[in-house]
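Letter by letter, the chains look like this.
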Amino acid sequence: FAGTIKITGPEHLLSKIREGLGPVDNQIDYDVSPDIDVKVQMDSSILMTRLAEFFQNARGLADE
């Protein structure tokens, strides 16, 4: 048992993650957020996407 895993992100991405993971041995808490980024926290480790920053940069390039 590795502890509780907390996954935060938009509902449509969380539903895909739930489907992909299927049944797992660890407890997973899913927390819906209006932010586009997905954050996974397991004990003191955090993995976070930078999708919002990517899209902001892509929009800036398109405006040039």
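A. Looking closely at unusual backbone geometry. A positive phi angle, close to 55°, is found at Asp43, a residue other than glycine. As for its placement among the helices and strands, Asp43 is situated in the loop between β3 (39-42) and β4 (45-48).

B. Inspection of the environment of Ile36 at higher detail. With respect to the secondary-structure elements, Ile36 resides in the loop between β2 (28-32) and β3. Taking the relative accessible area as the measure of exposure, Ile36 reaches 33% and is therefore partly exposed. Note: C-alpha distance between Ile36 and Pro23 (13 residues apart in sequence) is 25 Å. Apart from the residues within four sequence positions on either side, Ile36 is in contact with Pro10, Leu13, Leu51, Ala52 and Phe55.

C. Quick peek at the pairing of β3. Pairing of strand β1 (residues 5-9) with β3 involves 4 bridges; the strand directions are antiparallel. Considered in β3, the bridge of Ile5 is made with Met42. The antiparallel pairing of β3 with β4 creates a hairpin that spans 2 residues between the two strands, and Asp43 there sits at a positive phi of about 55°.

D. Main features of the sheet that holds β3. Read from one edge to the other, the open sheet built from 4 strands follows the order β2-β1-β3-β4, with strand pairing classed as mixed. Across the chains shown, the open sheet's two edge strands, defined by having one partner strand only, are β2 and β4. Taken pair by pair, the neighbouring strands of this sheet meet at an average axis angle of 15°, ignoring direction. Bridge count for β3 against β4 is 4 bridges, and the pairing is antiparallel. Among the inter-strand pairings, Met42 is bridged to a residue of β4, identified as Ser45. Contacting β1 and β2, helix α1 (residues 11-21) crosses the sheet at an angle of about 160° to β2.

Reading the values: rules and limits
Residues numbered from 1 in each chain as written. Predicted model: local features only at pLDDT ≥ 70, side-chain atom pairs only at ≥ 80, totals over all residues. Heavy atoms only, no water. Helix = DSSP H or I, 4+ residues; strand = E, 2+ residues; numbered from the N terminus. Buried < 20%, exposed > 50% of the residue type's maximum accessible area, 1.4 Å probe, protein only. Contact = heavy atoms within 4.5 Å. Pairing = 2+ DSSP bridges. Axes fitted to C-alpha atoms, helices over the stretch in contact; angles between N-to-C directions.

Shape descriptors only; they carry no functional weight alone.
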